[in-house]
Amino acid sequence: MTTPIDHPSALTQAAANWHALQRQGSVSADQQRAFMQWLVASPEHLREYMAISEVAGALGDALRDMPIDLDALLAAPPAVGNSHNVVRLSPPRKPHVAAADARRRWLPRIAVAASVLLAVGWGTSLALPRSDHFVAAHGSPRQITLDDGTVVHLDAESEVSVRMTLLSRRVELERGQASFVVAADRRPFAVHAAGLQVTDIGTTFDVSLLREQARIGVSEGRVQVRGDGGRGRMLADLDAGQVAQVAYRDQRVQLSDEDADSMTAWWRGRAVFRDEPLRDVADRFNRRNTLRLHVSDDAGALRLTGNLRVDDLASLRAFLDQQPALITQREADGIHVRVRPQATSAL
């Protein structure tokens, strides 16, 4: 009977498929159990899997795009031993030579078996996926330290889901804004938001979901942005000091330069905006304040530049009143911002 161990190419393919599945981070409980059963079925499985892990960096793009046949993986029988009861006899050797050869032959297997025990026994909590969900309520931004040491700055009215597996770190930004100070780790770190995948390459970066586009800014290091949840084309390759704005409708990308202090100013309670639509500026202030800004449709597209404390609505209102095209009015439900009647035709 032929087993996968007899065909290294088949074993390598299986190990690569499992590795790619783990990197994607979308492993169900049944799939994870099947993976662990496959991993401990034979020392050769663990050895091949660790070899694939060692070269994962070089094969990153290939593994990400590799088709994975989950049905075939789950249906594959576990590795079996010698089933035909035929034992190959070796020529007689001197006892001390045979003992030395046996020690050399079994030491690597003992080491692999120890690794299996560590991975499956003591390390079960690390091998199994861990999922967490974090929410920052209205007016209450928060700072979170993940299990790997990554620090997440989560703005008010924002929400993220985090999934850590043996070989991947995946974050889903579901709404709002978050910055990531990524801890060094051999596992790739990726943020998914609005159909985009932002892959960290040793960095500090920010992702914000605005009304019409996603905004990705890099204050340190480098990130790559891909469409279609990471399976699409490369949309941007950003270095420190660069910002990409990706439109939801057609994924059109607009690049700009911005200093790191401006990108992280919101950590310190400041709103720095450069040529941004008023509707997006208002959203920033509304996340932090009980008194809300209500912006009319015609005024929302007006683009503004400023630097204000996010909790200082008096200064914001004074700033808006200085704009020739705008007028503000305090009402029971908040501050309403409209276009001045004489400015409508100009806009």
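Each remark here, short or long, concerns the structure printed above.
Along each chain, the written sequence defines residue order, and numbers are assigned to residues from 1. Local features are withheld for residues below a pLDDT of 70 in this predicted model, meaning they are given only at 70 or higher, and side-chain atom pairs are given and counted only at 80 or more; totals for whole chains, interfaces and linings count all residues. In computing side-chain values, all of the structure's heavy atoms are included and hydrogens and water are not.

Caption draft 1: Main features of the pairing of strand β19 (residues 334-339). Using a 1.4 Å probe on the protein chains alone, a residue whose accessible area is under 20% of its type maximum counts as buried, one over 50% counts as exposed, and one in between counts as partly exposed. To qualify as a helix, a DSSP run of H or I must reach at least 4 residues; to qualify as a strand, a run of E must reach at least 2; elements of each kind are numbered from the N terminus. Counting buried residues along β19, five of its six residues qualify, which places the element largely inside the surrounding structure. The pairing criterion for strands is at least two bridges between them, as found by DSSP. Looking at chain direction, strand β16 (residues 293-295) and β19 are connected through three bridges and run parallel. Note on β19: the bridge partner recorded for Val295 is Val337. Bridge count between strand β18 (residues 326-331) and β19: six bridges; the pairing is antiparallel. Considered in β19, the bridge of Glu331 is made with Gly334. Hairpin connection from β18 to β19: two residues lie between these consecutive antiparallel strands.

Caption draft 2: Broad picture of the pairing of strand β3 (residues 151-154). Where burial is concerned, the two faces of β3 agree: the one with Val151 and His153 and the one with Val152 and Leu154 are both buried. Bridge analysis of strand β2 (residues 142-145) against β3 gives four bridges, and the strand direction is antiparallel. If you follow Ile144 over to β3, its bridge partner there is Val152. Remark: five residues form the turn of the hairpin made by β2 and β3, two consecutive strands paired antiparallel; Gly149 in that turn has positive phi of roughly 95 degrees. Across four bridges, the pairing between β3 and strand β6 (residues 177-181) is antiparallel. Directly across from Leu154, in β6, lies its bridge partner Ala178.

Caption draft 3: Representation of unusual backbone geometry in the model. Non-glycine residue Asp228 carries a positive phi angle of around 55 degrees. Counting through the fold element by element, Asp228 comes out in the loop between β11 (222-226) and β12 (234-239). One non-glycine residue with positive phi stands out, namely Gln251, at about 55 degrees. Tracing the chain through its elements places Gln251 in the loop between β13 (242-247) and β14 (253-257).

Caption draft 4: View of the sheet that holds β19. Sheet architecture is open: three strands sit in the order β16-β19-β18, paired in mixed fashion. Of all strands in the sheet, those with a lone pairing partner are β16 and β18, marking the two edges. Recorded for the sheet is a direction-independent mean angle of 25 degrees between the axes of neighbouring strands. Helix-sheet contacts for helix α9 (residues 278-288) involve β16, β18 and β19, and the interaxial angle to β16 is about 165 degrees. The convention used is that axes are lines fitted to C-alpha atoms, helices contributing only their stretch in contact, and that angles between N-to-C directions extend from 0 to 180 degrees. Throughout, a residue-residue contact means that at least one pair of heavy atoms, one from each residue, lies within 4.5 Å.

Caption draft 5: Broad picture of the sheet that holds strand β9 (residues 204-209). Spatially, seven strands are ordered β2-β3-β6-β9-β10-β13-β14 in an open sheet, and the strand pairing comes out antiparallel. Across the chains shown, the open sheet's two edge strands, defined by having one partner strand only, are β2 and β14. Each adjacent strand pair in this sheet contributes to an overall mean axis angle of 15 degrees, direction not counted.

Caption draft 6: Summary view of the pattern of salt bridges. The rule for a salt bridge is simple: a side-chain nitrogen of Lys or Arg has to be within 4 Å of a carboxyl oxygen of Asp or Glu. This structure, assessed with the given rule, holds 18 salt bridges. Put simply, Arg130 and Asp132 hold a salt bridge, and the shortest N to O gap is 3.1 Å. Classification of Arg130 by relative accessible area gives partly exposed; the value is 42%. Exposure remark for Asp132: the relative accessible area of 24% places this residue in the partly exposed category.

Nothing here speaks to function; it is all geometry.
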